[in-house]
Amino acid sequence: MSDSIAAQKEPYSVKLEAGKNYAWCACGRSKDQPYCDGSHKETGLSPVFFKTEEGREAWLCGCKQTKNKPYCDGSHTAL
């Protein structure tokens, strides 16, 4: 099992669409950050699946250390 790696040391600003399913990259290896592209295979890590009820802007974690997955909680400031 591998540890997650920081894709970047700041959050990603994204526009989420109402009712759409998302897969947030938890491993940090995806080329399609902050979303999963399947790069986690053989790491033992899995993406975080989520859906929003209404469209909105959100800050998704880029350092992969958040305690509020997939949303940024400021953990990147300690890296």
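## Quick look at the overall build of the protein
Along the backbone of the protein there are zero helices and four strands. Ordering the α and β elements of the protein from the N terminus gives β-β-β-β. For a compact globule of 79 residues, the expected C-alpha radius of gyration is about 12 Å, and the protein comes in at 12 Å, within 12% of that figure. In terms of overall dimensions, the protein has C-alpha extents of about 35 × 30 × 20 Å along its principal axes. The buried share of the protein, taken over its 79 residues, is 41%. A separation of at least 24 residues holds for 57% of the contacts in the protein among residues at least 6 apart in sequence. Carbon and sulfur atoms provide 46% of the accessible area of the protein, an area that totals close to 4,900 Å². One way to put it: in the protein the 11 positive side-chain charges average out to a point 3 Å from where the 10 negative ones average out.

## What about empty space enclosed by the protein?
For the structure shown, the criterion picks out one cavity of 30 Å³ or more. By volume, the largest cavity amounts to about 30 Å³. For the largest cavity, the full set of lining residues is Cys25, Ala26, Cys27, Cys36, His40, Leu45, Ser46 and Pro47. Considered class by class, the residues forming the lining of the largest cavity number six nonpolar, two polar and no charged.

Calculation rules
- Residues numbered from 1 in each chain as written.
- Predicted model: local features only at pLDDT ≥ 70, side-chain atom pairs only at ≥ 80, totals over all residues.
- Heavy atoms only, no water.
- Helix = DSSP H or I, 4+ residues; strand = E, 2+ residues; numbered from the N terminus.
- Rg over C-alpha atoms; globule rule 2.2 N^0.38 Å.
- Buried < 20%, exposed > 50% of the residue type's maximum accessible area, 1.4 Å probe, protein only.
- Contact = heavy atoms within 4.5 Å.
- Areas by Shrake-Rupley, 256 points an atom, 1.4 Å probe, with all protein chains shown as cover.
- Lys, Arg positive; Asp, Glu negative; His and termini not counted.
- Charge placed at Lys NZ, Arg CZ, Asp CG, Glu CD.
- 1 Å grid on protein atoms, 1.4 Å probe; cavity = no way out; pocket = protein on both sides within 12 Å on 5 of 7 lines; lining within 4 Å.
- Points joined across faces, edges and corners; volume = space filled by probe spheres on them.
- Nonpolar A, V, L, I, M, F, W, Y, C, P; charged D, E, K, R; others polar.

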